Amino acid sequence: MDKVLLHTPEGVRDIYGSECTLKLSLEKKINDVFNQYGYHNIQTPTFEFFDIFSKERGSVASKNLYKFFDREGNTLVLRPDVTPSIARFVAKYYADVKVPVKLCYNANTYINNSELQGKLKESTQLGCEQINDDSVEADAEMIALVVDSLKASGLNEFLVEIGHADFYKGLLLECGLDADTEEELRVRIENKNNFGVEELLDSHGVSGDAKAALLKLPSLFGSIEVLDTAKQLTKNETALKAIKRLEDLYSILVDYQVSKYISFDLGMVSNYQYYTGIIYKAYTYGTGNYIVTGGRYDRLLGQFGKEAPATGFAVYIDQIMLALGADVKNNHQAYEYQVIVYEPEFRKYALQLATDLRSDGRKVELIAKKAEIPIEEYQNFKQNDGAGVVTYISDKGAIKL
């Protein structure tokens, strides 16, 4: 057999044993919190028509999509992002509904990040979306839900950094830059590249208050006081409304008693261009990337025929597992199980013992012993795999090895 067949492509991997048990346990804990907040599970297709994720949607760049064709010649893609799929879903099934619609999901996404070596191209996201509510209370509920979800996962130290897409967009209105230059500026601000930002602004003749405010963006992060600083930098109405929204949001988060997990970053810009208001990312120790990303996208559903405000977020399970990776003891306890190996003539007794243990909530694996395999081989493999107890049933009785 060609050994290449035993390997996975770059960017995907097998998950098994205690790691798989931990992942499933995390998914359940987080989904339970979603349900406690009144969010209802849905599933959308793994692949959709290309147009669902086209450039106009503001999702993932076309070059990073996995594309293929159906029999009719339609271009299909593996979903790189769940939010556009849910926008399509809501526009189809809740077209005339005006009251809030609250949905949650657990899905794998696929992005061909060929420029990011070592990053997974298949990742698992759990997320929530709230449709038909443009209030700051809806924004606050989502962020409180993020905090409770991360706490349920076992994380104790994390931070949710919050920004507002309109603060940055308001400042851009004063600059008169073309789309390509705005994109380059976005990248430099996101990378906290102050010198690069100044160089780009100078080369396009941007000066005065607009230039000063944009140069300050990379340093506008921290506690609630940073909003006071931001208000002194601009007279742009759009930007100032964004600051007011953030102040109102923080007031509600104090009521939720989650303010200790909150920070602000007015230089935050998102790769997803469909965000229109509050945006945020969560970070923790043990991983070099964000573990949650989310925000408000009030114009996305309109592209599918339903004019409705919306907000949502995605939790990146693979990143959380990296952060929890040092907790080997808890991983092992979640995976631990018992094994009963029995000689064929004692099958009835072995079945009854396994049934009794399972009725008591134990995880029990039952194996009929083959004559050509010594009991030590069963014992060594199962104990190395995580079995807490290996019991051997033979003419000498039931013996724990």
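Higher on the page you've got the structure.
Let us look at the structure shown here. Each chain has its residues counted from 1, running along the sequence as written. A pLDDT threshold of at least 70 governs which residues receive local features in this predicted model, and a stricter bar of 80 or more applies before side-chain atom pairs are shown or counted, although totals over entire chains, interfaces and linings include all residues. Remark: hydrogens and water are excluded; side-chain values derive from all non-hydrogen atoms of the structure.

## Looking at the packing of helix H1 (residues 17-36) against helix H10 (residues 317-324)
Quick note on the threshold: A fitted line through C-alpha atoms serves as each axis, taken over the contacting stretch for helices, and the angle formed by two N-to-C directions is quoted from 0 to 180°. Labels follow the DSSP assignment, with helices taken as runs of H or I lasting at least four residues and strands as runs of E lasting at least two, numbered in each case from the N terminus. Left-handed describes a crossing whose near helix is turned anticlockwise from the far helix by less than a right angle; the clockwise case is right-handed. In this analysis, two residues are considered to be in contact whenever any of their non-hydrogen atoms come within 4.5 Å of each other.
Running from N to C, H1 and H10 cross one another at 115 degrees; their axes reach a closest spacing of 11 Å. In this structure, H1 crosses over H10, and the sense of that crossing is right-handed. Residues Glu19, Leu22, Lys23, Leu26, Glu27 and Ile30 of H1 touch H10, and the partners they reach there are Ile317, Asp318, Ile320, Met321 and Leu324.

## Topic: the pairing of strand S6 (residues 122-131)
Inclusion rule: Each residue's exposure class comes from its accessible area (1.4 Å probe, protein chains only) as a fraction of the maximum for that residue type: buried when under 20%, exposed when over 50%, partly exposed otherwise. When DSSP finds two or more bridges between a pair of strands, those strands are recorded as paired.
Here S6 lies mainly inside the structure; 9 of its 10 residues are buried. Alignment of strand S5 (residues 101-110) against S6, held across 10 bridges, turns out to be antiparallel. Residue pairing in the sheet places Lys102 in a bridge with Gln130 of S6. The pairing of S6 with strand S12 (residues 310-316) spans 7 bridges and is classified as antiparallel. Directly across from Glu129, in S12, lies its bridge partner Gly312.

## Brief notes about the nonpolar core
Applied cut-off: Buried Ala, Val, Leu, Ile, Met, Phe, Trp, Tyr and Cys residues form a nonpolar core when they are joined through side-chain atoms within 4.5 Å.
Ranked by internal contacts, the top residues of the largest apolar core, which has 66 residues, are Phe34, Ile162, Phe167, Leu185 and Phe313. A per-element tally of this core places helix H3 (residues 136-153) first, with 8 residues. Counting residues in hydrophobic clusters, the runner-up holds 23 residues, among them Ala87, Leu103, Tyr105 and Tyr275.

## As for the side chain of Asp139
Inclusion rule: Any N or O atom pair separated by 3.5 Å or less is treated as a polar contact, with the protein-specific requirement of one donor-capable and one acceptor-capable atom, and with residues adjacent in sequence counted only for side-chain atom pairs.
Assignment of secondary structure puts Asp139 in helix H3. Residue classification places Asp139 among the buried residues on the basis of a relative accessible area of 1%. Side chain to side chain, Asp139 and Arg245 meet in a polar contact 2.8 Å long.

## Here we look at the pattern of salt bridges
This is how the line gets drawn: Within this document, salt bridges are pairs made up of a side-chain nitrogen of Lys or Arg and a carboxyl oxygen of Asp or Glu, the two lying within 4 Å of each other.
Summed over the entire model, instances satisfying the criterion amount to 18 salt bridges. A salt bridge links Asp139 to Arg296; the shortest N-O distance between them is 3.0 Å. Here Asp139, found in helix H3, pairs with Arg296, found in strand S11 (residues 292-296); they are 157 residues apart in sequence, far enough to count as distant. A single burial state applies to Asp139 and to Arg296, both of which are buried. Notably, a salt bridge pairs Lys211 with Asp202, separated by 2.6 Å at the nearest N-O pair. Ionic contacts of the salt-bridge type, sharing partners, join the residues Asp139, Arg245, Arg296 and Asp298 into one network.

## Quick word on the sheet that holds S12
One open sheet accounts for 9 strands, arranged S1-S5-S6-S12-S11-S10-S7-S9-S8; its pairing is mixed. The open sheet is flanked by strand S1 (40-41) and strand S8 (221-222), the only strands paired with a single partner. One ladder, built from 3 bridges, connects strand S7 (residues 158-164) with strand S9 (residues 262-265); its direction is parallel. Bridge pairing in S9 links Val160 to Ile262. In this fold helix H4 (residues 165-172) packs onto S7 and strand S10 (278-284), with an angle of close to 35 degrees to the strand it touches most, S7.

## Observations regarding unusual backbone geometry
The backbone of Asn132 shows a phi angle near 80 degrees, a positive value even though the residue is not glycine. Tracing the backbone shows Asn132 in the loop between S6 and H3. Note on Asn132: relative accessible area 14%, which makes it buried. A positive phi is found at Gln257, a non-glycine position, where the angle reads about 65 degrees.

## Observations regarding the pairing of S10
Counting buried positions along S10 gives 6 out of 7 residues, so the element sits mostly inside the fold. With 7 bridges connecting them, S7 and S10 associate as antiparallel partners. Within the sheet, the bridge partner assigned to Val160 lies in S10 and is Ala282. Of the strand pairs in this sheet, S10 and S11 are connected by 4 bridges, and their pairing is antiparallel. Directly across from Lys281, in S11, lies its bridge partner Thr293.

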